[in-house]
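Tertiary structure, described
Here is what each chain is made of, one letter per residue.
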There are 6 protein chains.
Amino acid sequence: MKLMIVNPNSSETVTGAIMESARRGASVGTELVPVTTKGGTRNIDSAFGDYLSGAYVIRTCLEAAPLHQPDGVVLAGFGRVGIDALKEALTIPIVSIAEASMAMACLLGHRFTTLTMLQQFIPYQQDLVRLFGFEAKCASVRAININVEECVTNREKTLAELSAEIRKIVAEDRSEVVILACAGLCGYDTELSRLAGVPVLDPVAVAVKVAEGFVGLGLAQSKIRKFADPPQSLDAYL
Amino acid sequence: MKLMIVNPNSSETVTGAIMESARRGASVGTELVPVTTKGGTRNIDSAFGDYLSGAYVIRTCLEAAPLHQPDGVVLAGFGRVGIDALKEALTIPIVSIAEASMAMACLLGHRFTTLTMLQQFIPYQQDLVRLFGFEAKCASVRAININVEECVTNREKTLAELSAEIRKIVAEDRSEVVILACAGLCGYDTELSRLAGVPVLDPVAVAVKVAEGFVGLGLAQSKIRKFADPPQSLDAYL
Amino acid sequence: MKLMIVNPNSSETVTGAIMESARRGASVGTELVPVTTKGGTRNIDSAFGDYLSGAYVIRTCLEAAPLHQPDGVVLAGFGRVGIDALKEALTIPIVSIAEASMAMACLLGHRFTTLTMLQQFIPYQQDLVRLFGFEAKCASVRAININVEECVTNREKTLAELSAEIRKIVAEDRSEVVILACAGLCGYDTELSRLAGVPVLDPVAVAVKVAEGFVGLGLAQSKIRKFADPPQSLDAYL
Amino acid sequence: MKLMIVNPNSSETVTGAIMESARRGASVGTELVPVTTKGGTRNIDSAFGDYLSGAYVIRTCLEAAPLHQPDGVVLAGFGRVGIDALKEALTIPIVSIAEASMAMACLLGHRFTTLTMLQQFIPYQQDLVRLFGFEAKCASVRAININVEECVTNREKTLAELSAEIRKIVAEDRSEVVILACAGLCGYDTELSRLAGVPVLDPVAVAVKVAEGFVGLGLAQSKIRKFADPPQSLDAYL
Amino acid sequence: MKLMIVNPNSSETVTGAIMESARRGASVGTELVPVTTKGGTRNIDSAFGDYLSGAYVIRTCLEAAPLHQPDGVVLAGFGRVGIDALKEALTIPIVSIAEASMAMACLLGHRFTTLTMLQQFIPYQQDLVRLFGFEAKCASVRAININVEECVTNREKTLAELSAEIRKIVAEDRSEVVILACAGLCGYDTELSRLAGVPVLDPVAVAVKVAEGFVGLGLAQSKIRKFADPPQSLDAYL
Amino acid sequence: MKLMIVNPNSSETVTGAIMESARRGASVGTELVPVTTKGGTRNIDSAFGDYLSGAYVIRTCLEAAPLHQPDGVVLAGFGRVGIDALKEALTIPIVSIAEASMAMACLLGHRFTTLTMLQQFIPYQQDLVRLFGFEAKCASVRAININVEECVTNREKTLAELSAEIRKIVAEDRSEVVILACAGLCGYDTELSRLAGVPVLDPVAVAVKVAEGFVGLGLAQSKIRKFADPPQSLDAYL
């Protein structure tokens, strides 16, 4: 089975981090093809970033798909970034790391929390939960201000701060599961799970498993209405 | 007061229709500047069209705004098409015809219906209602298959079909207000109101009034969090 | 265009404050007719006050409307105070300052807060949000204990207290827009907006704009069902 | 124990029908005091009727309560008609037939339906369900056009029509319990239950039982906030 | 009238406490038959306890019902513990103390709180509120850690702690009514009501009143669909 | 990896059907251990069957788990049947076929439908959707009356009837994904998907994939609160 892992950001470094997570999620025999979006921002952190990168994401996918002939696509952005558009344009299963990790989190506890990077990004993330229909299971959206540099150089301090935040998530928001809603935090999930005593999800790894599941079962998004092919030929939009 | 009326489609014909509605909504002394999106599709009818046009819409607006120095912007697409991104990027009031007409419809009856063009576009429109937070007041989203040509050439037949549909909306969905959720139907609102006996809203005209109101009151979208300036300089995203 | 501005309280002083706000909301060419309710309480601060004043409000309006022949009515009470009854009894647009300001607030930020005067009035105000269908967009209802006298005599202290409260609304309730839900606070909106850095709405001014919009567009409440004429002749109820 | 049964309509005939239901609901040893509202309409069938009668209902209750010294009050109108105002003004338990019968219906089946008299009254009744917080348990609000005269003179025909409607309620709305939401239908509940095979509630009888329960348990509405005494002396409102 | 009061726990001591509450709720002339579940746990404090005791509860009831021929059953466990199964299996009214006390609490204030014993039991209790459809009226579920021994031996200390907690419920959760959601707290309701100034409900006493009401009115759970007899003969399940 | 597939019914024939589905869902290298519940009913079709079988399901699992030492458990009943109790009692991932298939269906279309066997079982299934928190994504619960015998002997007729029903689900309920919510329909999913043109899920196969995912990622239900070990030793409940 071959999965295309699409980084909606234009940064190869971020693609590298995403691929590490993706590989941890992949089963033996699953081939992963990394795809970095050509154009757009290096770091989607706003509705503005979402929309401007979204068009590049879609174009990049439509070019890469016929080339790599994947069995499924994982869209590795914790946001909309064109997910519905891709589900319309393609017939292979398209899996959003945000949507898939929320669906899985529902099964693991009473309520979940998504942990993002910026205070001002919280309303966007709350809209996302609502759009995907998981608000009944979402305890909260939280944001921490972490220096991305320090994430890499000072692992101990980062862990300490993250697990302190997760303790607040558990105690104050009464949440039971945490989703790391940004690429910068990939790779901290296992240690955080252990430190905080609750499941901490790396959404990329989870989404790879979900995509493998759909491909294995021969399932993909329903094309009957919402994700039907766009009414005009794709070229008319590009 | 000067309002920029932005057509998210790339069709000048559609801009013409939008401007007719906009002028009916405008007060004496309001100057309207039509802006047609450069690039993207001529007719946004899907999430695919939304996302691909969205990036062009944003770019077009960011170029046109410094040029025309408007007091407010009406985004004349019945969809997302980058509305949140524009609210982030600019500080003058940005008014979506979809969001504004739903807000006004709330005040006019028990529940409202949005009437769109394609069956497959209904889920997208339902998500829109949900995203804007008006689902408690929305009776239904309906779609009719109208030949756009015939809208222009055969007004009587079009009116008969539309008012028949609205009668179903009132009787079956128990709706009390109708929003014409596509540019092709602009200009039918007054006659339909009369024929069907319920308020039928032209969202462009309504949005112009709402934008005038915000400008007149010195109000614009809150920049405290959701619509704060994007964290990076705008150039980093373009 | 002529709008009747109805104060549901029986106090002429309150009418004066309301009219100041109304005039700030009115466009050139809009004539405003102040109407003070004859009978009822001077200050509606409870369901009890709402219901007992409501009957007087309705009677006062029904007497004043044929006299002044307005194009629309603004009901300047932040509550129910007979709003639905008036929408049934009349065919010109009837605009509640509570309902209209909430609808407009929806467009300005992620969530809004209404700020009222008494702790014990909060549940009533929460029911109001629910009744109008805006709970998905309402972050909170808050109350402050402000001495009405001091509002007039000690403007600096009042501003300081109000902006402190709004900072809590923004930080703790994560709200982005504030509606001043009582007449006593009219006239503080502009300075509060500036001090607190979020849009602060004077609901009277906003409702005047909404009423102007409806009149300008030829729209009024749907008479098809909820706001149909009462089944009996109006005299049978009075 | 003594209960005051308050008819919010001004018709003694309606009071007679209400008292028949009330007596069927009353336990041995419960004294029922009928009170007919002085003034207002003979038949509350709209928000207009609700508000105009509400003020009379409140005044009538406030006069009658010190006279009769009841242990509790049943407000026998299927609407708001001042219920919250009375809960504020008095400390003995105030029971709305609408609210109480919906609460009891929740316990008897998956979802309930309220059956009212006029199509145009349905939105008002839907708001009522929402205001009381029972929408998760409400399958539908339905209305039938029954000639009130015929209700009295042609019992067989009335029963046939009502049970036909209830069959539709069960089959189409998938409801399991029916509340007869108007005084005119009082006394049909037992036969309808038998004919239709689902519990059919006479809300007056149910509310008497609920009021007896509260009095017996020494319970009444919480006075801590929502139903606290109005801030001003009651005379200030009258 | 004869009511069977079923303790889902296997402890006779708990049955004793339940019966004290039940007697306080019972009217003159109501005969109460205590039934202690044979088998299962002495104290249901988890979903595990619920499910394992549930089967014993059902068997115990099915054996006791033909023996005692009650007119109604009160299931005295603040949980599911087989309530829907019993409603299916029997045609006499089955009243859950949890469901009935929540329904009554809805009528007494803006929102209610259920107060349970263990932090880890809160999510179960939140699911219960949701399952019964009362979430719109529920302010919070709270838990206190009370030593059950001390409840009996040190009444003053227990009262002090409970009323302190209820003050927090009122102030922080803005709740107006409290339900004592565990058998250990039975008998504290009256003093707590007085101390805390809000209605505090003993759910057993309330449920007895509700059951008396249903029996008195000839009502029981609808057998049309949800609570229809199980499709197979009962023996096939036992 | 070893998964225990638990049939909550006591019928070995049903276990056989479940295992066929499970094997279709299993990846190479996944060992499946079938476990048939000892005791309880052969066919869970009601809340009564759920509760009485639930206790046996739990006991059976607790006995089988130490014996087989599985890495995860799939509970193959489309209902509650003790799922939360098992999540409390064990630390390996416990996956409900109902909960898991609904979570996956969320990702595949605008809204999903669960298709069950009996009209009277619909309310139970609706409660299940609500309990799991997926009501925002659930278009409807439908039931068909299929003769279980005929499912086996007359495949063509069964397919014709099922695909006719699914066409109604798509057209009338506007659903886009169907979950076959009963064991008798296992094995029809692939052909139905093809015939009806929408994804049709076999919940057993889907749940196996989800369980594999959790095991592969080292995830299991959060033990922090809702699914914490029961407060007493397990023996105290059995």
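Look a little higher up for the structure.
Residues numbered from 1 in each chain as written. Chains lettered and ligands numbered in written order. Predicted model: local features only at pLDDT ≥ 70, side-chain atom pairs only at ≥ 80, totals over all residues. Heavy atoms only, no water.

1. Quick notes on the overall build of chain A
Across its full length, chain A carries 9 helices and 8 strands. For chain A, the C-alpha radius of gyration of 17 Å lies close to 18 Å, the compact-globule estimate for 238 residues. Taken over the C-alpha atoms alone, chain A extends approximately 50 × 40 × 35 Å along its principal axes. Across the 238 residues in chain A, those meeting the buried criterion constitute 66%. A sequence separation of at least 24 residues applies to 73% of the contacts in chain A between residues at least 6 apart. Accessible area of chain A: about 7,700 Å², with a carbon and sulfur share of 51%. Placing the 22 positive and 26 negative side-chain charges of chain A at their respective mean positions leaves the two points 4 Å apart. (Helix = DSSP H or I, 4+ residues; strand = E, 2+ residues; numbered from the N terminus. Rg over C-alpha atoms; globule rule 2.2 N^0.38 Å. Buried < 20%, exposed > 50% of the residue type's maximum accessible area, 1.4 Å probe, protein only. Contact = heavy atoms within 4.5 Å. Areas by Shrake-Rupley, 256 points an atom, 1.4 Å probe, with all protein chains shown as cover. Lys, Arg positive; Asp, Glu negative; His and termini not counted. Charge placed at Lys NZ, Arg CZ, Asp CG, Glu CD.)

2. Some thoughts on the side chain of F:Asp189
All names here are of chain F. Along the chain, aspartate 189 falls in helix α8 (residues 189-196). Given a relative accessible area of 9%, aspartate 189 falls into the buried group. The contacts of aspartate 189, once residues within four sequence positions are left out, are Arg24, Leu180, Val200, Leu201 and Asp202.

3. Brief notes about the interface of chain F and chain B
Interface extent is often summarised as the accessible area lost during association of the parts. Contacts between chain F and chain B engage 5 residues on the former and 6 residues on the latter. For the pair chain F and chain B, the two sides together bury roughly 420 Å², of which 41% comes from carbon and sulfur. Counting the surface chain F buries against chain B, the share from its top three residues, F:His110, F:Ala136 and F:Arg174, is 82%. Linking chain F with chain B are 2 residue pairs in polar contact (both at pLDDT 80 or more), by the criterion used here. Considering only residue class, the side of chain F that touches chain B consists of 1 nonpolar, 1 polar and 3 charged. (Buried area = accessible area lost by both parts, 1.4 Å probe. Polar contact = N/O pair within 3.5 Å; in protein donor to acceptor, adjacent residues only side chain to side chain. Nonpolar A, V, L, I, M, F, W, Y, C, P; charged D, E, K, R; others polar.)

4. Some remarks on the packing of helix α4 (residues 97-106) of chain C against helix α5 (residues 122-132) of chain C
Two measures define how a pair of helices packs: the angle their axes make with one another and the distance between the axes. All names here are of chain C. Across the interface, α4 lies against α5 with an axial gap of 11 Å and an inter-helix angle of 70°. Of the possible angle classes, the one that applies to α4 and α5 is roughly perpendicular. In the crossing of α4 with α5, the sense of the turn from one axis to the other is right-handed. Contacts from Ala98, Glu99 and Met102 of α4 reach α5 at Leu128, Val129 and Phe132. (Axes fitted to C-alpha atoms, helices over the stretch in contact; angles between N-to-C directions. Parallel < 35°, antiparallel > 145°, perpendicular 65-115°, else oblique. Left-handed = near helix turned anticlockwise from the far one by under 90°.)

5. Section: the relation of the copies chain F and chain B
Rotating chain F by 120° and translating it 0.0 Å along the rotation axis places it on chain B, where the RMSD comes to 0.0 Å. In short, the pair behaves as if placed about a three-fold rotation axis. (Least-squares fit on C-alpha atoms with pLDDT ≥ 70 in both.)

6. A few points about the interface of chain B and chain A
Taken together, the 44 residues of chain B in the interface contact 44 residues of chain A. Both sides of the chain B and chain A interface together cover about 3,800 Å² of buried area, and 59% of this is carbon and sulfur. A per-residue breakdown of the area chain B buries against chain A is headed by B:Phe48, B:Tyr51 and B:Tyr237, which together make up 22% of the total. Counting across the chain B and chain A interface gives 4 salt bridges. A salt bridge links A:Arg130 to B:Glu135; the nearest nitrogen and oxygen atoms lie 2.6 Å apart. In this assembly, chain B and chain A are joined by 25 residue pairs in polar contact (both at pLDDT 80 or more). Those elements giving two or more residues to the side of chain B that touches chain A turn out to be α2 (47-68), α3 (83-89) and α5 (122-132) of chain B. Residue contributions to the side of chain B that touches chain A peak at 12 residues, all from α2(B). Residues belonging to the side of chain B that touches chain A are distributed by class as follows: 21 nonpolar, 11 polar and 12 charged. (Salt bridge = Lys/Arg side-chain N within 4 Å of Asp/Glu carboxyl O.)

7. Structural notes on the sheet that holds strand β4 (residues 94-96) of chain F
Residue and element names in this part refer to chain F. The sheet built from 4 strands is open, its strands ordered β2-β1-β3-β4 with parallel pairing. The open sheet has two free edges, formed respectively by β2 (31-36) and β4, since each of these has just one partner strand. Direction aside, neighbouring strands of the sheet carry axes that sit 25° apart on average. In this structure, strand β1 (residues 2-7) lies alongside strand β3 (residues 72-75), joined through 4 bridges in parallel fashion. If you follow methionine 4 over to β3, its bridge partner there is valine 73. Across the sheet, helix α2 (residues 47-68) lies against β1, β2 and β3, angled at about 160° from β1, the strand it touches most. (Pairing = 2+ DSSP bridges.)

8. Digging into the arrangement of the chains
Contact between chain A and chain D is absent, and the least distance between their C-alpha atoms amounts to 14 Å. Separated throughout, chain C and chain F approach each other most closely at a C-alpha pair spaced 14 Å apart.

Geometry only, nothing functional implied.
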